[in-house]
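Chain and residue survey
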Amino acid sequence: MFCRRYFHGREKEVTLMEKKNGFVAGRGKRIFAVLALLVMMYVSSAAVLKAEAAGQAAMYASIFDAKFYAQKYPDLAAVLGTDENELLAHFLTNGMVEGRQGCAEFNVQFYKAKYPDLQAAYGEQLPFYYMHYMSSGKLEGRQGNGTITNTTAAQSETSAANPQPAVSADSSAVDQVIALCNQARTKEGLAPLTKSDQLCTASRARSNELVRVFSHDRPDGRSCFTIFNEYGISYGAAGENIAAGQRSAEEVANAWLSSPGHRRNIMNPAYTKIGVGMVQQQGSAYGYYWTEMFTN
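All values reported here derive from a predicted model rather than from experimental measurement. (Residues numbered from 1 in each chain as written. Predicted model: local features only at pLDDT ≥ 70, side-chain atom pairs only at ≥ 80, totals over all residues. Heavy atoms only, no water.)

A few points about the nonpolar core
Threshold: For the purposes of this section, nonpolar cores are sets of buried Ala, Val, Leu, Ile, Met, Phe, Trp, Tyr and Cys residues that join through side-chain atoms within 4.5 Å. Each residue is placed in one exposure class: buried if its accessible area under a 1.4 Å probe, protein chains only, is under 20% of its type's maximum, exposed if it is over 50%, and partly exposed if it falls in between. Working definition: helices are DSSP H or I runs of at least four residues, strands are E runs of at least two. Numbering for both runs from the N terminus. The contact criterion used is simple: two residues touch if any of their non-hydrogen atoms lie within 4.5 Å.
One finds Ile63, Phe64 and Phe106 to be the most contacted residues of the largest nonpolar core, which totals 23 residues. Taken together, the elements giving at least two residues each to this core come down to helix H2 (66–72), helix H3 (74–80), helix H4 (84–98), helix H5 (108–114) and helix H7 (126–137). Contact partners of Phe106, with chain neighbours within four places excluded, come to Ile63, Gln101, Tyr111, Tyr129, Tyr130, Tyr133, Gly144 and Asn145. Of all hydrophobic cores here, the second largest spans 22 residues; its members include Trp256, Tyr271, Ile274 and Met278.

Observations concerning the packing of aromatic side chains
Applied cut-off: Between rings of Phe, Tyr and Trp, where Trp is taken as its six-membered ring, a pair exists when centres lie within 6.5 Å; planes separated by under 30 degrees are stacked, by over 60 edge-to-face, and by other angles tilted.
Taken as a whole and assessed by the stated rule, the structure comprises 15 aromatic pairs. On the basis of an interplanar angle of 65° and a centroid distance of 5.1 Å, the ring pair of Phe64 and Tyr69 is categorised as edge-to-face. A relative accessible area of 10% places Phe64 in the buried class. Both rings, one in Tyr286 and one in Tyr289, keep their centres 6.1 Å apart while their planes meet at 75°; by these two values the pair is edge-to-face. Of the aromatic side chains, those joined through ring pairs into one cluster are Phe64, Tyr69, Tyr73, Phe91, Phe106, Tyr111, Tyr115, Tyr130 and Tyr133.

What to know about the pairing of strand S4 (residues 273–280)
Quick reminder of the rule: Here, strands pair whenever DSSP counts at least two bridges between them.
Extensive coverage of S4 is indicated by the burial of 6 of its 8 residues. As defined by bridge partners, strand S2 (residues 194–195) adjoins S4 across 2 bridges and the pair is classed as parallel. Looking across to S4, one finds that Thr194 is bridged to Lys273. In the sheet, S4 pairs with strand S5 (residues 288–295) via 8 bridges, with the strands oriented antiparallel. By the bridge assignment for S5, Lys273 is matched with Thr295.

Some thoughts on the side chain of Asn265
Selection rule: Here a polar contact is recorded for every N or O atom pair within 3.5 Å, except that within protein the pair must consist of a potential hydrogen donor and a potential acceptor, and residues adjacent in sequence are included only if both atoms are side-chain atoms.
Position of Asn265 relative to the elements: it lies in helix H13 (residues 260–267). For Asn265, a relative accessible area of 4% puts it in the buried group. Polar side-chain contacts of Asn265 include one of 3.3 Å to the backbone oxygen of Glu240. Setting aside residues up to four positions removed in sequence, Asn265 forms contacts with Asp75, Gly239, Glu240, Asn241, Tyr271 and Phe294.

Here we look at the packing of H4 against H7
As a reminder, the rule being used: Under this scheme, a helix contributes an axis fitted over its contacting stretch, all axes are lines through C-alpha atoms, and angles between N-to-C directions fall in the 0 to 180 degree range. Any angle that is under 35 degrees is reported as roughly parallel, and any over 145 degrees as roughly antiparallel; angles of 65 to 115 degrees are reported as roughly perpendicular and all others as oblique. Following the grouping adopted for this structure description, the nonpolar residues are Ala, Val, Leu, Ile, Met, Phe, Trp, Tyr, Cys and Pro, the charged ones are Asp, Glu, Lys and Arg, and the polar ones are all others, Gly among them.
Two numbers describe how H4 lies on H7: the axes approach to 7 Å, and their chain directions differ by 105°. Considered as vectors, H4 and H7 are oriented roughly perpendicular to each other. On H7, the residues touching Phe91, Gly95, Met96, Val97 and Glu98 of H4 are Leu126, Pro127, Tyr130 and Met131. In the contact of H4 with H7, the residues fall into 7 nonpolar, 1 polar and 1 charged.

A few points about the side chain of Ser259
Mapped onto the secondary structure, Ser259 falls in the loop between helix H12 (249–258) and H13. A polar contact is formed between the side chain of Ser259 and the side chain of His262, at a distance of 2.7 Å.

Details of the pattern of salt bridges
How we decide: Should a side-chain nitrogen of Lys or Arg be within 4 Å of a carboxyl oxygen of Asp or Glu, the pair is scored as a salt bridge.
Evaluated as defined, the whole model comprises 10 salt bridges. With its nearest N and O atoms 2.8 Å apart, the salt bridge here joins Glu209 to Arg206. Here Glu209 pairs with Arg206, and both are found in helix H10 (residues 197–212), just 3 residues apart, close to one helical turn. As far as burial versus exposure is concerned, Glu209 and Arg206 are alike and both buried. As a salt-bridge pair, Glu230 and Arg222 come within 3.3 Å of each other at their nearest N and O atoms. Since its relative accessible area comes to 44%, Glu230 is described here as partly exposed. The network of salt bridges with common partners includes Arg206, Glu209, Arg218, Asp220, Arg222, Glu230 and Glu240.

A word on a negative patch on the surface
Condition: Patch definition: residues above 30% relative accessible area lacking any salt bridge, with like charges linked at up to 9 Å and the nonpolar side chains Val, Leu, Ile, Met, Phe, Trp and Tyr linked at up to 5 Å. To measure how exposed things are, a 1.4 Å probe is used in the Shrake-Rupley method; for residues, cover is taken only from the protein chains shown. In summary, the charge assignment counts Lys and Arg as positive and Asp and Glu as negative, without counting His or the chain termini. Charge positions come from single atoms, namely NZ of Lys, CZ of Arg, CG of Asp or CD of Glu.
A cluster of like negative charges, contributed by Asp65, Asp83, Glu84 and Glu86, occupies part of the molecular surface. By secondary structure assignment, the location of Glu86 is in helix H4.

Things to note about the packing of helix H9 (residues 171–187) against H12
Put simply, the rule is: By convention the crossing between two helices is left-handed if the near helix lies anticlockwise of the far one by an angle smaller than a right angle, and right-handed if it lies clockwise.
H12 packs onto H9 with a crossing angle of 35° between their chain directions and a minimal axis gap of 9 Å. The hand of the H9/H12 crossing is right-handed. Between H9 and H12, the residues in contact are Ala173, Gln176, Val177, Leu180 and Ala184 and Ala249, Glu250, Val252, Ala253, Trp256 and Leu257, respectively. Residues belonging to the contact of H9 with H12 are distributed by class as follows: 9 nonpolar, 1 polar and 1 charged.

Everything listed here is a matter of geometry and, on its own, says nothing about what the molecule does.
Right, here's the structure in full:
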């Protein structure tokens, strides 16, 4: 009896252990299955995101070339590197509005000036010119880049090249913009930027150019950074923010700080100097034109 009971007890114990082990094994299988499903979902999501990014790149291929964009705008390359998706995202969220040139084939300022019918329809809304060229302009045989030759556009350019004298912002407005930007940097644990008189002068000159062409490209098509040589400014890294229509230092600073692309320039730890310039131009499209420039 004793042996049987002992053996029976062992049988019962073994049975319980088998059930326990079976439960553990079953739970392990379920956990593995869940983990496998999560991995599959992650891989699938990554594939979907990659496909979406590729689809966007293909969709905007006629107006955007990531390599061209990075080479033409060193300020963006300094922040975004050569990541094609990041560069495309910047172009779609900020670059179009700012009038940045997305590829060698298409220059929005040229396109806008060359076709008065589009100007009548879109005015100063630059993204619409990109969309028009991409959706129908190219198919219609419209020219996306080149030298302006038609009479209407040439007259417009001549008129814009000789505007009425602009009124520059006083130093208090400039200092206020710089102070607001430095306050934002301090909150992020970054050192404040030092005001540079040379950069302020160059920024004011750039604001005068914005009256003619609101773009990071200068009216003659050169990069905005070529102005540094004209004012004896040396740099290793540089950036530019532009804005139009804001009537006060607080308004323009808030606009830049609220825009991801402009905010990245303000918060870039590589920059140590800042300059701000504003001009007011009566009878122009926006009235007020602001430029903020950074160097190290």
